[in-house]
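Structural features, examined
Letter by letter, the chains look like this.
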Amino acid sequence: MSGCSKRCKLGFVKFAQTILKLITGTLSKDKIEDELEMTMVCHRPEGLEQLEAQTNFTKRELQVLYRGFKNECPSGVVNEETFKQIYAQFFPHGDATTYAHYLFHAFDTTQTGSVKFEDFVTALSILLRGTVHEKLRWTFNLYDINKDGYINKEEMMDIVKAIYDMMGKYTYPVLKEDTPRQHVDVFFQKMDKNKDGIVTLDEFLESCQEDDNIMRSLQLFQNVM
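Residues numbered from 1 in each chain as written. Predicted model: local features only at pLDDT ≥ 70, side-chain atom pairs only at ≥ 80, totals over all residues. Heavy atoms only, no water.

1. Regarding the packing of helix 6 (residues 97-107) against helix 9 (residues 153-167)
- Relative to each other, helix 6 and helix 9 sit at 130°, their axes nearing to 7 Å. With respect to helix 9, the axis of helix 6 lies oblique. Where helix 6 crosses over helix 9, the two elements pack in a sense that is left-handed. Only Asp 158, Ile 159, Ala 162, Ile 163 and Met 166 of helix 9 make contact with helix 6, whose side of the interface consists of Thr 98, Tyr 99 and Tyr 102.
- Class assignment of the residues belonging to the contact of helix 6 with helix 9 gives a composition of six nonpolar, one polar and one charged. (Axes fitted to C-alpha atoms, helices over the stretch in contact; angles between N-to-C directions. Helix = DSSP H or I, 4+ residues; strand = E, 2+ residues; numbered from the N terminus. Parallel < 35°, antiparallel > 145°, perpendicular 65-115°, else oblique. Left-handed = near helix turned anticlockwise from the far one by under 90°. Contact = heavy atoms within 4.5 Å. Nonpolar A, V, L, I, M, F, W, Y, C, P; charged D, E, K, R; others polar.)

As structure tokens, then:
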């Protein structure tokens with residue numbers, strides 16, 4: 001691994017840790033001020049005000065996130081391999097490779113093979129602070145692997161199995177080998193309203209919002225994003 005790659009990887013770990021602080025609410029206003037004072041932001045994202053308007057982050061939060069993304073990774077983009085390496089560190093007892101692959105392509109909305117700060121922070125805003133409807137639309141896009149506007153049972157199985165693989169063999173209670181298939185069968189039976197073998201966005205939204213069990217299951221999945 002080159003020096004630049006190592007720097008990018010280490011920097012993105014710091015960025016991921018900042019995200020965790022946002023999730024847990026431990027990134028306070030005072031902490032943001034302290035971090036901004038400790039490290040000069042050498043680069044500024046273009047259209048910071050526009051990003052503030054488009055996301056649910058404050059200007060200060062965007063500055064902290066941008067510093068972690070750009071200052072520590074000068075290329076300004078994250079590729080899939082680096083993304084997988086980062087996810088592997090947060091799930092050491094499982095195999096996060098496949099799930100990280102699907103998640104990366106959900107963030108890479110333009111399918112360029114790399115994720116820019118603007119792409120990442122826009123998605124992050126939805127996942128952390130979006131409405132229920134926004135989160136469900138984003139989750140639908142994640143499950144729609146081939147991006148044809150529908151979810152079939154194979155796609156849902158691929159995502160759910162990837163999540164179970166990432167959680168690893170040390171989960172409690174220990175998951176049986178056929179658990180992912182059972183989970184998908186239950187999901188699909190409830191979601192595929194007209195029994196045509198595919199789930200549309202409308203079916204997905206309706207099913208999720210009318211079934212508390214599905215919502216709780218999806219919330220568990222969103223927690224690993």
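2. Quick notes on the environment of Gln 209
- Residue placement: Gln 209 occurs in helix 11 (residues 201-210).
- The class of Gln 209 is partly exposed, set by a relative accessible area of 46%.
- Separated by 77 residues in sequence, Gln 209 and Val 132 place their C-alpha atoms 8.6 Å apart.
- Residues within four places of Gln 209 in sequence aside, it is in contact with His 133, Leu 136 and Met 215. (Buried < 20%, exposed > 50% of the residue type's maximum accessible area, 1.4 Å probe, protein only.)

3. Considering the pattern of salt bridges
- One pass over the full model with this rule turns up six salt bridges.
- Glu 80 serves as the salt-bridge partner of Lys 84, at 3.2 Å between the closest nitrogen and oxygen. Residue Lys 84 and its partner Glu 80 are located together in helix 5 (residues 80-90), separated by four residues, close to a single helical turn.
- The class for Glu 80 is buried, based on a relative accessible area of 18%. (Salt bridge = Lys/Arg side-chain N within 4 Å of Asp/Glu carboxyl O.)

4. Brief notes about the UniProt feature "domain: EF-hand" (unreviewed entry) in the protein chain
- In the numbering adopted here, UniProt assigns the feature "domain: EF-hand" (unreviewed entry) to residues 95-130, 131-166 and 179-214.
- Between the end C-alpha atoms of residues 95-130 there is a gap of 28 Å, over a span that is 67% helix and 8% strand.
- Across residues 179-214, helical content stands at 72% and strand content at 6%; the span's end C-alpha atoms are separated by 15 Å. (UniProt positions renumbered as here; feature names shortened; annotations may be inferred.)

5. What to know about the packing of helix 9 against helix 10 (residues 179-191)
- Remark: helix 9 packs on helix 10, axes separated minimally by 9 Å, with the N-to-C direction vectors making an angle of 140°. Compared by their axis directions, helix 9 and helix 10 come out oblique. Crossing handedness for the pair helix 9 and helix 10: right-handed. Where helix 9 abuts helix 10, its residues Lys 153, Met 156, Met 157, Val 160, Lys 161 and Tyr 164 lie against Thr 179, Pro 180, Arg 181, His 183, Val 184, Asp 185, Phe 187, Phe 188 and Met 191.

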